[in-house]
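# Structural overview
In case you want the letters, here they are:
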Amino acid sequence: MFSAAAVKEDRGFARLAGAGFASLVTLAVALVFSAGASANPIASGTTALTIDKRPAKVLTKNKIKVTPVKPAKVQKGSVVFPVTGGTLNPTTA
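### Side note on the overall build of the protein chain
If you tally the helices and strands in the protein chain, you get two helices and five strands. In the protein chain, the succession of helices and strands from N to C terminus is α-β-β-α-β-β-β. Burial statistics for the protein chain: of 93 residues in total, 4% are counted as buried. Contacts in the protein chain between residues far apart in sequence, at least 24 positions, make up 79% of those at least 6 positions apart.

### A look at the pairing of strand S4 (residues 78-83)
The pairing of strand S2 (residues 45-49) with S4 spans five bridges and is antiparallel. Bridging across to S4, Thr-46 finds its partner in Pro-82. Strand direction decides the pairing type here: strand S3 (residues 73-75) and S4, joined by three bridges, are antiparallel. Each residue of the ladder has a partner; that of Val-74, found in S4, is Val-79. Here S3 folds back onto S4, and the loop between the two strands holds two residues, one of which, Lys-76, carries a positive phi near 50 degrees.

Each value, and the rule that gives it
- All residue numbers refer to position in the chain's written sequence, counted from 1.
- For this predicted model, a pLDDT threshold of at least 70 governs which residues receive local features, and a threshold of 80 or more governs which side-chain atom pairs are given and counted, while totals over whole chains, interfaces and linings are taken from all residues.
- Note that the side-chain values use all heavy atoms of the structure and ignore hydrogens as well as water.
- Segments assigned H or I by DSSP are reported as helices when at least four residues long, segments assigned E as strands when at least two residues long, and all are numbered from the N terminus.
- Exposure is judged per residue with a 1.4 Å probe applied to protein chains only, and the accessible area is read against the type maximum: over 50% gives exposed, under 20% gives buried, and values in between give partly exposed.
- Contact criterion: two residues are considered in contact whenever any of their non-hydrogen atoms come within 4.5 Å of each other.
- The pairing criterion is simple: DSSP has to find at least two bridges between the two strands.

The structure is reproduced here in structure tokens:
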């Protein structure tokens, strides 16, 4: 005969084993995808930063003005920064 405590313990072990298996599968998939990926060089371009409306309101309310430092500039409500070089891993971005 099984006691209620034994049944709960068995369910807990099953959940733990299931979570462990799911973690192993996730790790295996990540390793497969990361094994073939290498970083791509980036020579030039731009990246843009747009401040969300809520933080922008807080900054404005507290009289804080965001001003880009050259060579960055404001375009279409975003601060645009030049990219001069670096690398990008296509798997992890």
